[in-house]
Protein chains: 2
Amino acid sequence: MPKKFLDVLLGEPLANEQGSSEKYNVPFGLAIMASDAISSVAYGAQEILFVLIVLGASAYKWLTLTSFMIIGLLVILTISYVQIIRAYPQGGGSYKVAKENIGDKAGLSAGSGLIISYILTVAVSASAGADAIVSAFNGLTQYRVIFVVSIIIVLMILNLRGIRDSSKIFAIPTYIFIFSMLFMILYGLFKYFILNIHPQPIYAVPEATEDLSIFLILKAFSSGCSALTGVEAVSNSVPNFKEPGQRNAKTVMILLAILILCIFGGTSVLAIFYTAVPITNGPTVISQIASAIFGSGVMYYVIQFSTAVILLMACNTAYTGFPMLMYIMGKDGFAPRQFTIRGKRLSFSFGIGALSLIACLLVIIFKADTHRLIPLYAVGVFISFTLGQFGMVNHWRRVKEKGWRKRAVINGFGAFVTLFTTVIILVEKFSDGAFIVAILIPMIIYLQLKIKSHYSKVAEGLSVSNIKLEKVNFKIKYTHIVIVPIASLTKATIGALQYAQSMSDNVIALNISTDKEAMEKLKKRWSKLDTDILLVARYSPYRTVVNPLLRSIELIANSAGENEKVTVIVPQFVTHEKFGNVLHNHTGFLIRETLLRNNNIIVCTFPYHLPNDYQK
Amino acid sequence: MPKKFLDVLLGEPLANEQGSSEKYNVPFGLAIMASDAISSVAYGAQEILFVLIVLGASAYKWLTLTSFMIIGLLVILTISYVQIIRAYPQGGGSYKVAKENIGDKAGLSAGSGLIISYILTVAVSASAGADAIVSAFNGLTQYRVIFVVSIIIVLMILNLRGIRDSSKIFAIPTYIFIFSMLFMILYGLFKYFILNIHPQPIYAVPEATEDLSIFLILKAFSSGCSALTGVEAVSNSVPNFKEPGQRNAKTVMILLAILILCIFGGTSVLAIFYTAVPITNGPTVISQIASAIFGSGVMYYVIQFSTAVILLMACNTAYTGFPMLMYIMGKDGFAPRQFTIRGKRLSFSFGIGALSLIACLLVIIFKADTHRLIPLYAVGVFISFTLGQFGMVNHWRRVKEKGWRKRAVINGFGAFVTLFTTVIILVEKFSDGAFIVAILIPMIIYLQLKIKSHYSKVAEGLSVSNIKLEKVNFKIKYTHIVIVPIASLTKATIGALQYAQSMSDNVIALNISTDKEAMEKLKKRWSKLDTDILLVARYSPYRTVVNPLLRSIELIANSAGENEKVTVIVPQFVTHEKFGNVLHNHTGFLIRETLLRNNNIIVCTFPYHLPNDYQK
């Protein structure tokens, strides 16, 4: 029954062979990959202006410069990532590039940075999206955290349904947002230059309060850099694309860069011409531009609403990128193996679940406060950018294919720029929360190395060489010592004893009683049995049964010879009533787990199904 | 390590033989039993006055009458409970009396009433005690719920340590409270009558706002009845007393009644002479009396502090009564069997834990608000009082011992009075929360009957008559079909296969692969083995391994003959690293639980301890 329900909720199971049709074509891939990158772009100009506005009216002049710096960075990153997609068609992004070309720890650093930023993408975007919705309806504020958590759960369910289904759902609002933004930019420029309409700015530009300094420009730049988070998702997900995967991924990467360029550049330009002023707790820069261009017409609301929706959709990038990254790390042994198992619906259920859980915890701990979450955000991304680029430099130096010098210089330049950016962000945002990331990354790396060493030890401990395989002795005949712990003589215990005596001539029935009367009764009933099985009955003055039982079994086990195997058969009656099991002591479970954990004893469970229930 | 820690926290284990020395003598028994009853007595006069004060100054006249009514009820209850202790030396109180003399359902009604009131005793007393402490330190209010929960946890730990230890701890504050209250009453009367000092009342008595009516008196009476909760604890715990248990219990019961009489009567009389006025959110009646008698001297603070402490101690009555009641019910099969097991330290660990858990939940749900919890409180107690007394009437009519008519009349009168009181409380407090109890009691009874019917069915299904015992065939030789599910050839799976072939000639190695390559590799490696064991390898196009595995096993099991037993041996490697198990799939566990639940298959686990870990 619950299984059926899950099938309805999450969709029908899919066979392995259906896998390839579950992959992205270019339009769906773009929709999936774009939302995170593009939603942060929408706020790029505003974040730069918030820093520069202390310069007064000349802020707009320097906005142009800062925007150019960021667009320059975008171009470098795009070229670099196209090179990564070409060199790594099997996906992996910065993690894989840094790991293969620099070393495990560099790869894990890049990977940890990405893990943190994926989780924060979900927490921040869901919180910001909820903010937009909640602020529209007064009185909902107190339910914000529950609301954000619900959003994450819905996204989790949608993603558990599988890849294609969710891309269908998510493609629509992403494209609505993209096209309405592009339309606004074109119409805004048309209105300004062709129609020559120059509306009065809504807010007055404040007077200058500070002088221009290189530090101010750097601060503005580091704030604007958050616009570039999300561009790495494509290179991580190359295997998710339809064939030819590599080419499709490159196309999506370039389209994405062009979209970022247009929307970020366009909104910056419009902010200058329409003199949008950053206002704390006031209308956003985008909102000011939209109302200057469209008044309070339908298009204004389309822009506002699709901005809200795209924030929710941005979470979804993480739902694609995170499970894929964990899959790759899991295959390498740096993440728990559970991340490498595809669910019945071909999605990485464990990764999706883990992402949702951690993001929900973050939301609850930070009370869905985006301002406290955002500073953690960009650091991780830029660390992975930097390591990925340095890795590419090594890659080109290693493969030495045609034109490698040029490519190495491009990536080297990119590495230098992103390293510089990382340092700026770390310094500017350190006390705002970037320090948390600086602590977390080494901790995650330590954990990953521990996991790897554990898996290596287990594999080594279990492995049998092909040569040894041929020498395994399958003619060995063990003699069996069989112990059956019993509390009284019931149908279940008698069944287990019959089974035991058919396995070995050396069977011991073991009884531990806390009640002398019950023990005498058992002995009396035992004497009626027509059997050679030895009954060992012990009285336990302390009221525990399990410990003396385990000690007795261990005593017998320790006296076993080399070719003797000790088997414990635990009789267990099975009731098919609902909740029936809650009403019984789970002594059997305890015995089994303790014996397996500490001894070389085989533990069997002999089930006895209660007859009157079993007919059901 | 954690076991050692528990021993330090909870005390050393105690043997069964130490049991009798863990029982109460009279002074400790009184301390344990008194706190609940006496702490509610302390507020009896105040609660009556809160109702009567609408009469103005004549409230004090009618306080005398109402107090007499309640003292009359106390005398009836005491005589009745002494009779119950005499008739039921093995303990059980109202539950047992009603069950044996009226019927199962009457017994369960009385028991459910007691269960509810025990849980509420903990929740209410801990909350009220915390209130007293918290109100002394400003700024702690926001931590109230956590504080109350901590108190309950501390009480739980103390009670898990065992009976005598906790009575030692709890005896001191109970006696401080009792003696300081008695001293206050005596000194107050001495000061008033002998020294002739009549201090001015602190608060003016308000003008009358209502006329006297029978309903007002009844309401005052029903409020005052909460003073009598807790008197039943003694009769439930007769077996907890030192020998002669019955006589000691009777002595404690009578001493307790005398204490209630003195403290309740005394505070009522002092309230009249010193004209204490009930003030909402102001000083309590006891506090007013104490300050009128002692000024702001040391004795005033002793009274106030010991009042706060006794409230916390009152919880402890429930920690004695509830596990004992659940033990008796568990022995009868009406409560989960876990309640009948004494822990290593001779206390009923499960009952103590369950009580703490439910009380904590109630505290959290009701935000530790005593005013919302109190109305639920008295109903349950008085229902059990009433049923206990009616049961005693039937008891005397049945046994017809010397003087039975007189005793039956006493209990009959008591039954009538408590029934009347129950109706008054239910009506007066219905909408305040008594309706919750009216809903809960039938639900609890239903659950108890369900539990009983489950245990009866299981016992019936498992039982083997002595005659059948002699006929059990222990010469039967089953042939074994042994299935070993394997993923690859490792030391663990090879060990399991060797064990399997020593058990039977009919061994099947079963492999389900989601990866065709891995399956081919396994087949190739298998061909190197020098064995006759059949390898059945199946490819699963869906990525689940467990379901196809279970289906294959069931298919084999269904084809088994009458004297053939199917055994599944699950190889399981055991890692001794911390958290090591978290990193592996628990397929073995899933297979075992599903097979046992649905099939007549014996499931064995073959442990392989990883060698490099095992040396530790």
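Notes on the structure in this doc start here. (Residues numbered from 1 in each chain as written. Chains lettered and ligands numbered in written order. Predicted model: local features only at pLDDT ≥ 70, side-chain atom pairs only at ≥ 80, totals over all residues. Heavy atoms only, no water.)

### A few points about the overall build of chain A
How we decide: The helix and strand labels rest on DSSP assignments: H or I over at least four residues marks a helix, E over at least two residues marks a strand, and numbering proceeds from the N terminus. Relative accessibility thresholds used throughout: buried, under 20% of the residue-type maximum; exposed, over 50%; partly exposed, between the two (1.4 Å probe, protein chains only). Note on contacts: a residue pair qualifies if any of its non-hydrogen atoms lie within 4.5 Å across the two residues. Computed with the Shrake-Rupley method and a 1.4 Å probe, the accessible areas treat only the protein chains shown as cover for residues.
What chain A contains, in helices and strands, is 23 helices and five strands. Evaluated residue by residue, chain A yields a buried proportion of 56% over its 616 residues. The contacts in chain A between residues at least 6 apart in sequence include a share of 81% that link residues at least 24 apart. When the accessible area of chain A is evaluated, it comes to approximately 26600 Å², of which 64% is carbon and sulfur surface.

### A look at the packing of helix 5 (residues 93-101) of chain A against helix 16 (residues 377-399) of chain A
Residue and element names in this part refer to chain A. Worth spelling out the cut-off: A fitted line through C-alpha atoms serves as each axis, taken over the contacting stretch for helices, and the angle formed by two N-to-C directions is quoted from 0 to 180°. Angle categories: roughly parallel below 35 degrees, roughly antiparallel above 145, roughly perpendicular from 65 to 115, and oblique for all the rest. Should the near helix be turned counterclockwise from the far one by less than a right angle, the crossing is left-handed, whereas a clockwise turn marks it as right-handed. Any residue outside Ala, Val, Leu, Ile, Met, Phe, Trp, Tyr, Cys, Pro, Asp, Glu, Lys and Arg is labelled polar, Gly included; the first ten of those are nonpolar and the last four are charged.
Two numbers describe how helix 5 lies on helix 16: the axes approach to 8 Å, and their chain directions differ by 45°. With respect to helix 16, the axis of helix 5 lies oblique. Between helix 5 and helix 16 lies a crossing whose hand is left-handed. Contacts between helix 5 and helix 16 pair Ser-94, Val-97, Ala-98 and Asn-101 from the former with Ser-384, Phe-385, Leu-387, Gly-388, Gly-391, Met-392, Asn-394, His-395 and Arg-398 from the latter. Residue classes in the contact of helix 5 with helix 16 are distributed as five nonpolar, seven polar and one charged.

### Some remarks on the packing of aromatic side chains
The relation between two aromatic rings is expressed through the spacing of the ring centres and the mutual angle of the planes. Residues and elements named next belong to chain B. Quick reminder of the rule: We call Phe, Tyr and Trp rings a pair once their centres come within 6.5 Å, taking the six-membered ring for Trp, and we label the pair stacked below 30 degrees between planes, edge-to-face above 60, and tilted otherwise.
Here the structure, examined in full by the defined rule, presents 34 aromatic pairs over all chains. Measuring from centroid to centroid gives 5.1 Å for Tyr-192 and Phe-193, while their planes differ by 70°, and the two rings are edge-to-face. For Tyr-192, a relative accessible area of 16% corresponds to the buried category. Phe-193 sits in the partly exposed class, given a relative accessible area of 48%.

### Observations regarding the pairing of strand 1 (residues 479-485) of chain A
All names here are of chain A. Counted only if it meets this: When DSSP finds at least two bridges between two strands, those strands are taken to pair. Looking down the strands as they point away from the viewer, one classifies a crossover as right-handed if the path from the first strand across the helix to the second runs clockwise.
With six of its seven residues buried, strand 1 lies for the most part within the structure. In this sheet, strand 4 (residues 564-574) lies alongside strand 1 in parallel orientation, the contact comprising five bridges. Paired with Thr-479 across the strands is Glu-564, a residue of strand 4. Taken together, the five bridges between strand 1 and strand 2 (residues 506-513) define a ladder with parallel strand orientation. Bridge assignment links Val-484 to a residue of strand 2, and that residue is Ala-509. Handedness of the crossover joining strand 1 and strand 2 through helix 19 (residues 491-501): right-handed.

### As for the state of the cysteines
Basically, it comes down to this: We call a pair of cysteine sulfur atoms a disulfide whenever their separation is within 2.5 Å.
By the definition in use, this model includes one disulfide over all chains. Across the disulfide from A:Cys604 sits B:Cys604; the S-S distance is 2.2 Å. Measuring the twist about the S-S bond at about 95°, one finds the A:Cys604-B:Cys604 disulfide to be right-handed. In this pair, A:Cys604 sits in strand 5 (residues 602-609) while B:Cys604 sits in strand 5 (residues 602-609), so the two residues belong to two different chains. By the burial criterion, A:Cys604 is buried, and B:Cys604 matches it.

Taken by themselves, the reported measurements are silent on function.
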